[in-house]
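# An overview of the molecular structure
So the chains spell out like this:
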Amino acid sequence: MVFKLVQKILSITLSIHWFMKILIIEDEDLAVKKLQKTLAAVDNSANVVGVADSIKSSVEWLSANPTPDLILMDIELADGQSFEIFNLFDIKCPVIFTTSYDEYALKAFKVNSVDYLLKPIQNDELQAALEKFKKLSHTYKPTDNSLEKIVKELQQKLQPKEYRKRFLVKYSAKLVSIEVKDICYFYSDGRLNFFKTPDNKRYAVDYTMDELEDMLEPEQFFRISRSFYVSVGCITKIEDYFGNRLVLSLNPAVDKESIVSREKVTDFKKWMGK
């Protein structure tokens, strides 16, 4: 009976004095101080056990110290992107990224093992992230590969994507190079895929419509249907069409109707309004 009572007292004491050991990886002194102040304000169990300001110092700290409960990690560091840390050290704890990148670009990366905070970090957002961490800390598995997967996806998302700048195509028994900026639209006739230039010349292209989607700059081209991409600069008129669709007038004129499919209409309007 006495033994059980002692165990209960010890358990309560440990829970009262439990501290959340946090490593901050951030290369700006002012940001570190502000983050420490915000942590103290929103959660009295938060205990900053270390600060690292670079990839090198982060790996050194992680190698020399016990695994923290949580890492607050800035993406851009003085010696590169913090993703490199994951290539150099096997991180076994959850990570909350702190970043200046736009929220829209990162929405897809809010998963159970990772969260993110946009700078400047607000008290309520940090508090919510810490609460989320506490809920997940009981079920977080070091062997879970979700962290590695998310880091790779983040890395790909944040690195500027290279789009096609030109196409080498056949025309009048010779090969010609056409700049993508000079292409008005791509379309399919059911057998072959083509594009047209402002001088109304038509060229066959040896790529499927799905392959073209990864090659074309989305700011310039929009896929209005399964068989049609249009360039924003070649649209001369937009009209309502039956079935809640839109029909476009293009310059140069196209050999088939250029119709925005019903499921694409909302995104097309947003694209045109950018």
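For clarity, every value in this text was computed on a predicted model and none was experimentally measured. (Residues numbered from 1 in each chain as written. Predicted model: local features only at pLDDT ≥ 70, side-chain atom pairs only at ≥ 80, totals over all residues. Heavy atoms only, no water.)

Regarding helix α9 (residues 265-272), the residues found buried are V265, F268 and W271. One side of α9 holds all its buried residues, which, seen down the axis, span an arc of 120°. Facing away from the buried side of α9 by more than 90 degrees, the exposed set consists of K269 and K270. As for α9, its buried residues are in contact with β13 (221-225), β14 (228-231), β15 (235-241), β16 (245-250) and β17 (258-260). (Buried < 20%, exposed > 50% of the residue type's maximum accessible area, 1.4 Å probe, protein only. Helix = DSSP H or I, 4+ residues; strand = E, 2+ residues; numbered from the N terminus. Arc of directions from axis to C-beta. Contact = heavy atoms within 4.5 Å.)

Once that is clear, we can look at the packing of aromatic side chains. For the structure on display, the rule yields 18 aromatic pairs. With a centroid separation of 4.8 Å and 35° between ring planes, the pair formed by Y241 and F242 is classed as tilted. Counting every residue linked through ring pairs, the aromatic cluster contains F167, Y171, F186, F195, Y203, Y207, F221 and Y229. Above the face of the F194 ring, R202 is positioned so that its terminal group lies 3.8 Å from the ring centre. (Phe/Tyr/Trp six-rings, centres within 6.5 Å; stacked < 30°, edge-to-face > 60°. Lys NZ or Arg CZ within 6 Å of the ring centre and 35° of its normal.)

We now examine the pattern of salt bridges. Following the criterion strictly, the structure yields 11 salt bridges and no others. The shortest N-O distance in the salt bridge between R223 and D210 comes to 2.9 Å. Here D210 lies in helix α8 (residues 209-213) and R223 lies in strand β13, a separation of 13 residues in the sequence. In this structure, E213 engages R223 in a salt bridge whose closest nitrogen and oxygen atoms are separated by 3.2 Å. In this pair, E213 is assigned in helix α8 and R223 in strand β13, connecting sequence segments 10 residues apart. A single network of salt bridges, built from pairs that share partners, joins K196, R202 and D255. (Salt bridge = Lys/Arg side-chain N within 4 Å of Asp/Glu carboxyl O.)

This paragraph deals with helix α3 (residues 55-64). All of the buried residues along α3 are I55, S57, S58, V59, W61 and L62. Contacts from the buried residues of α3 go to β1 (20-25), β2 (46-52), β3 (70-74), β4 (76-77), β5 (80-81) and α4 (83-88).

Further remarks concern the sheet that holds β14. If you trace the 5 strands from one edge of the open sheet to the other, you get β12-β11-β10-β14-β13, paired in antiparallel fashion. Sheet topology places β12 (202-205) and β13 at the edges, where each strand pairs with a single neighbour. Across this sheet, the average inter-strand angle for adjacent strands is 30°, counted without regard to direction. Against the sheet, α9 makes contact with β13 and β14, and its axis sits at roughly 160° relative to β13, the strand it touches most. (Pairing = 2+ DSSP bridges. Axes fitted to C-alpha atoms, helices over the stretch in contact; angles between N-to-C directions.)

Ordered by their spatial adjacency, 3 strands build an open sheet running β15-β16-β17, and the pairing between neighbours is antiparallel. Each edge of the open sheet is held by one strand with a lone partner, namely β15 and β17. On average, each strand axis in the sheet is inclined to that of its neighbour by 30°, with strand direction left out of account. The pairing of β16 with β17 spans 3 bridges and is antiparallel. Pairing of L248 across the sheet is with S258, part of β17.

The subject of this paragraph is the pairing of β14. Burial along β14 is two-sided: F228 and V230 facing one way and Y229 and S231 facing the other are all buried. Bridge count for strand β10 (residues 185-188) against β14 is 3 bridges, and the pairing is antiparallel. Looking at β14, one finds that F186 is bridged to Y229. In this structure, β13 lies alongside β14, joined through 4 bridges in antiparallel fashion. When the sheet's bridge partners are listed, S225 is paired in β14 with F228.

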